[in-house]
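Okay, here's what each chain looks like letter by letter:
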Amino acid sequence: MSTDTQAPTTGTRIARAALIGAVAGVIASLMMAAYAMIAAATYQGSGFFTPLYHIASVFISPADMMFSMKSATMGDSNFEFFAGPALLGALIHMMVGAMYGVGFGVLASLTRIRGMALVAAAIVWGGLVFVVSSFVGLPLAAAIFNSGDQITNMAVLVGYGTFFVEHLIFGLFLGLILLMGAKRAH
């Protein structure tokens, strides 16, 4: 008997959901970062690349973040670019996005959420990620890596409204990508 016609086992289904969730989480984190960077360059006036430097300051000095913010607020440059910290911030953000994507992908697979309910649930997940990140994850990361107040208080520094919208965007794209993946699989 060919194994091509057999239904996947629960373990296989969960592993596939985790992998697809990770990929969707990475892409969704990039959409979230794009919004954060546009917000930083426009109405926040803190510099286009500042969000990446902010994230990178979990592991490195916040000096590049501060320089970028100062240049933007002084009107010198809204686009101060430092390749190393920008890349580090992007990688950290994508890894965290992958982690939250795995969590939602597995949860969605186990609960068999489909269609627009999947997208709605992913947006709610984005809101939950906001709460967990703001009040548990970021303060915990700051304590573990001795990162400082710029990580502990990231939601405050970015602004709760903007930070919340960023996470809803993460959830929206996570859900849409998973929905597209589910439609392609059928």
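See the structure shown above.
Here goes a summary of the coordinates provided. Keep in mind the model is a prediction, meaning the values are calculated, not measured.

### A short note on the environment of Gly-181
By secondary structure assignment, the location of Gly-181 is in helix α8 (residues 160–185). Spatially, the C-alpha atom of Gly-181 lies 37 Å from that of Ser-147, the residues being 34 residues apart in sequence.

### Some details on the side chain of Ser-57
Turning to its location among the elements, Ser-57 is positioned in the loop between α2 (50–56) and α3 (63–73). Look at Ser-57 and you get buried, because its relative accessible area is 1%.

### Some details on the layout of surface pockets
Size it by volume and the largest pocket reaches roughly 950 Å³. Every residue lining the largest pocket is counted, 41 residues in all, and those nearest its centre are Ile-55, His-93, Leu-138, Met-154 and Phe-163. For the lining of the largest pocket, the secondary-structure elements that each account for two or more residues are α1 (10–41), α2, α3, α4 (83–111), α5 (115–145), α7 (154–158) and α8. By residue number, the principal contributor to the lining of the largest pocket is α5, which donates 8 residues. Of the residues in the lining of the largest pocket, the class split is 29 nonpolar, 11 polar and 1 charged.

### Side note on the packing of α1 against α4
Contact geometry for α1 and α4: axes closest at 6 Å, N-to-C directions at 135 degrees. Put simply, α1 runs oblique to α4. Considering how the two elements wind past one another, α1 and α4 form a crossing that is right-handed. Note on element contacts: α4 touches α1 through His-93, Met-94, Gly-97, Ala-98, Gly-101, Val-102, Gly-105, Val-106, Ser-109 and Leu-110, opposite Arg-13, Ile-14, Ala-17, Ala-18, Gly-21, Ala-22, Gly-25, Val-26, Ser-29, Leu-30, Met-32 and Ala-33. Classifying every residue of the contact of α1 with α4 gives 13 nonpolar, 8 polar and 1 charged.

### Overview of the environment of Arg-184
Relative to the elements of secondary structure, Arg-184 occurs in helix α8. Measuring from C-alpha to C-alpha, the distance between Arg-184 and Phe-163 comes to 32 Å, with 21 residues separating the pair along the chain.

### Some points on α4
In this model α4 runs 41 Å from its N-terminal to its C-terminal C-alpha over 29 residues, within 8% of the 42 Å that 1.5 Å per residue would give. Just beyond α4, the residue with positive phi is Arg-112, at close to 60 degrees.

### Quick word on α5
The largest bend in α5 comes to about 50 degrees, at Ser-133. The first or second residue beyond α5 is Asn-146, which carries a positive phi of 50 degrees.

### Description of a nonpolar patch on the surface
On the surface, Phe-59, Ile-60, Leu-128, Val-131, Val-132, Phe-135, Val-136, Leu-140, Ile-144, Phe-145, Val-156 and Tyr-160 cluster together into a nonpolar patch covering about 1100 Å² of accessible area. Considering every element that reaches the nonpolar patch, the biggest residue donor is α5, with 8 residues.

### A look at the packing of aromatic side chains
Following the criterion strictly, the structure yields 11 aromatic pairs and no others. Between Phe-130 and Tyr-160, the aromatic rings sit 6.4 Å apart at their centres with planes inclined by 80 degrees, giving edge-to-face as the arrangement. With a gap of 30 residues between them, Phe-130 in helix α5 and Tyr-160 in helix α8 connect regions that are remote in the sequence. The class of Phe-130 is buried, set by a relative accessible area of 9%. Among the residues examined, Tyr-160 registers a relative accessible area of 40% and is labelled partly exposed. Of the aromatic side chains, those joined through ring pairs into one cluster are Phe-130, Phe-135, Tyr-160, Phe-163 and Phe-164.

Cut-offs applied
Residues numbered from 1 in each chain as written. Predicted model: local features only at pLDDT ≥ 70, side-chain atom pairs only at ≥ 80, totals over all residues. Heavy atoms only, no water. Helix = DSSP H or I, 4+ residues; strand = E, 2+ residues; numbered from the N terminus. Buried < 20%, exposed > 50% of the residue type's maximum accessible area, 1.4 Å probe, protein only. 1 Å grid on protein atoms, 1.4 Å probe; cavity = no way out; pocket = protein on both sides within 12 Å on 5 of 7 lines; lining within 4 Å. Points joined across faces, edges and corners; volume = space filled by probe spheres on them. Nonpolar A, V, L, I, M, F, W, Y, C, P; charged D, E, K, R; others polar. Axes fitted to C-alpha atoms, helices over the stretch in contact; angles between N-to-C directions. Parallel < 35°, antiparallel > 145°, perpendicular 65-115°, else oblique. Left-handed = near helix turned anticlockwise from the far one by under 90°. Contact = heavy atoms within 4.5 Å. Expected span 1.5 Å × (residues − 1). Bend = angle between axes of the 7 residues up to and from the residue. Patch = residues over 30% accessible without salt bridge, like charges linked within 9 Å, V, L, I, M, F, W, Y side chains within 5 Å. Areas by Shrake-Rupley, 256 points an atom, 1.4 Å probe, with all protein chains shown as cover. Salt bridge = Lys/Arg side-chain N within 4 Å of Asp/Glu carboxyl O. Phe/Tyr/Trp six-rings, centres within 6.5 Å; stacked < 30°, edge-to-face > 60°.

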